[in-house]
Amino acid sequence: MTEHLNLSGVSHGYGDRQLLDGIGLVITAGDHVAIVGENGAGKSTLLRILAGLEAPDEGTAVSHGRVGYLAQTHGLPESFTVGAAVDSSLASLRALEAELDRLEAGLADAEDDELETYGRLQTEYQLREGYAAESRVEAALDRLGLGGLDRKRTLGSLSGGEQERVALACVLADPADILLLDEPTNHLDARGTAWLEDRLAAHRGTVVVVSHDRVLLRKVASTVIEVDAERLAVTRYGNGYDGYLREKAAERQRWVQQYHEWIDAMDAEQRQADTVTGKMGYARQRDNDKVGFDFKAGTWQKAASSKVRNAQERLRRLEASPIDRPPVPLRLAAELAVDPEALSAALAAPMRSGAADLAGDSLLPASAVLVARGVAVPGRLGVTDFAARAGEKILITGPNGAGKSTLLSVLAGTLEPVEGSVQRPARIGYLQQELELPQRPALRLLPAFAAGLGGNIDEHAEALLRLGLFRTSEFHVPVGSLSAGQQRRLALARLLLGGYGTLIVDEPTNHLAPVLVEQLEEALVGFTGTLVMVSHDRALRDWFARCAKKSDTSRTDESGRWIRYSMDKGVLAPA
């Protein structure tokens, strides 16, 4: 058997929510596969079915070979020690060692079948590099930032991120023929992520990884499988992540072409029916042969009526099989309204220490749109000054807990600083890292989207449909029932269509499918307003660096700068 994983006719769901419908999937030995899709589409469910941990409602799931599985949240008891967790991961290898020791003790009197068994097990042990298992564990813990960790410590005494890294080290201690990993770069720093990418890329067996990390997808995956939440299906794409993006772009082009062809065909049939109908009166002048004229006119009328019926029938068939209108590319339209008098008042006092580095000595009241002076939140944000000019794009990076989200909340006005003050435009678009629970969970999606935007509901429905973030069938879903990905898309839709001149976005790529993230980056490039952003996304940081470099070479004044700051322990500094 060359097939390592095989799904046939698999359907699965939870309650009245269907996730997969009659899917078939074959992943062969040595394939390196990425599973992508919107949050809530069923990626993790698909991985659990592949791992044999969850039986599908219908269909069959078959695997050949040893399977190593890493969930987003490990399932080990917190009472386990680190050593016990490692021992558990190496249990089958230890059992193989024990069997080899037993057979080796009796080799002198062994029968042929015992010698054959010993040789087979020894070959398996060597292929699994059993002699290096302990050193692999130590190396993995070290590369994952846990070097020297006391094996006697319980998992419950570690942080959540440390527990997940121990679980990852255990999975890689004795690499299985098939590695199934769900968001393995969560909780990893740059060093650990780079090491993991190299390990997965070099793995001789099969790798199936669920991830939103576009850098990992590019380095590891030769095949991309997209889980489609709308069709409850999976689609396979070859040629790696970049090949997936190219094919998705080609799919969109085909969609646009088919839509325009459908519109043109509808118009042509309608014109045909209208034209013939308009000629069905006396379109010819009578001659002296009344009988002959009446015969000819009657014949023409019958032919014309037939043409009208045929055109109307073709029109009916076209209307019965519509082509949905393709969504428009994501776009941010900025209203660049600034209140110079209010900002001049905010800038009247001198900035505190570090202001020249952060805001620039040449800061002018007329060019500043967002200014923070001496803001502080004890235990979360040290005394900080911040200023952003009109049109500037600012990226803030730093480790977890550095105070980045706190600073953005203060700038956006959702958190009042204990010290200092902030001057901001009257309207700011703010996308939080973790969205708050809906205050009115029973409110339907469309009214929730339209809330506070003005205009009529039909216009908002049309605008939301054109973005392609939601389907008409989702408009009546209560917001309290939306998945994390749908909640994120709803917030993103309000951001895109809000006409904000200043945007503050915290981890904008969270819960979004990779293709949508690529579109969002394109939208941000074309945004003419002011942007302040926090992100851990490596691909987004690389994209920002490219934009900054391009801006530096093309800019002739101070407008439109791309600037990066770093933050650590509540202190902001130029990167």
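In what follows, the accompanying structure is described. Just so you know, these numbers come straight off a predicted model, no measurement behind them. The residue count restarts for each chain, going from 1 along the sequence in the order it is written. This being a predicted model, a pLDDT of at least 70 is required before a residue's local features are given, and a value of 80 or more before pairs of side-chain atoms are given or counted; all residues contribute to the totals for chains, interfaces and linings. Computation of side-chain values covers all heavy atoms of the structure but excludes hydrogens and water.

Things to note about the pattern of salt bridges
Defined as follows: A pairing counts as a salt bridge when a side-chain nitrogen of Lys or Arg comes within 4 Å of a carboxyl oxygen of Asp or Glu. Numbered from the N terminus, helices here are DSSP runs of H or I no shorter than four residues, and strands are runs of E no shorter than two. In this scheme, a residue with accessible area under 20% of its type's maximum is buried, one over 50% is exposed, and one in between is partly exposed, where area comes from a 1.4 Å probe on protein chains only.
This model, assessed by the stated rule, comprises 32 salt bridges. Close ionic contact of arginine 214 with glutamate 518 constitutes a salt bridge, the shortest N to O distance being 3.4 Å. One end of the pair, arginine 214, is in helix H8 (residues 214-220); the other, glutamate 518, is in helix H17 (residues 514-525), with 304 residues separating them in the sequence. Since its relative accessible area comes to 2%, arginine 214 is described here as buried. Salt bridges sharing partners connect three or more residues here, namely Arg214, Arg218, Asp242, Glu518, Glu521 and Asp537.

Quick word on helix H2 (residues 82-89)
What counts here: By arc we mean the arc of the directions from the helix axis to the C-beta atoms, nothing more. We call two residues in contact whenever any of their non-hydrogen atoms come within 4.5 Å of each other.
Every buried residue of H2 is listed here: Val82, Gly83, Ala85 and Val86. Down the axis of H2, the buried side of the element spans an arc of 160 degrees, and every buried residue falls inside it. The inward-facing, buried residues of H2 contact helix H5 (133-143) and helix H6 (160-173).

Points about the layout of surface pockets
Test applied: Using a 1 Å grid laid over the protein atoms alone, points where a 1.4 Å probe fits but cannot get out form a cavity; open sets with protein on both sides within 12 Å along at least 5 of 7 lines form a pocket; any residue with an atom within 4 Å of a point counts as lining. Grid points are joined across faces, edges and corners, and a volume is the space filled by probe spheres set on the points. In the scheme used here, Gly and all other residues not listed as nonpolar or charged are polar, with Ala, Val, Leu, Ile, Met, Phe, Trp, Tyr, Cys and Pro taken as nonpolar and Asp, Glu, Lys and Arg as charged.
By volume, the second largest pocket is sized at about 1500 Å³. Elements supplying a minimum of two residues to the lining of the second largest pocket: strand S2 (17-28), helix H1 (43-51), helix H7 (190-202), helix H13 (404-412) and helix H18 (538-554). Its residues placed into classes, the lining of the second largest pocket shows 9 nonpolar, 24 polar and 14 charged.

Things to note about a negative patch on the surface
Note the following rule: The patches reported here contain residues having more than 30% relative accessible area and no salt bridge. Joining distances are 9 Å for like charges and 5 Å for nonpolar side chains (Val, Leu, Ile, Met, Phe, Trp, Tyr). Accessible areas in this description were obtained via Shrake-Rupley with a 1.4 Å probe; residue shielding takes into account the shown protein chains only. Counting rule applied: Lys, Arg positive; Asp, Glu negative; His and chain ends not counted. For the purpose of locating charges, the reference atoms are NZ of Lys, CZ of Arg, CG of Asp and CD of Glu.
Together, Asp109, Glu111, Asp112, Asp113, Glu114 and Glu116 make up a region of like negative charge exposed at the surface. Following the sequence through the fold, glutamate 111 ends up in the loop between helix H3 (91-105) and helix H4 (112-127). According to the relative accessible area criterion, glutamate 111 is exposed, its value standing at 51%.

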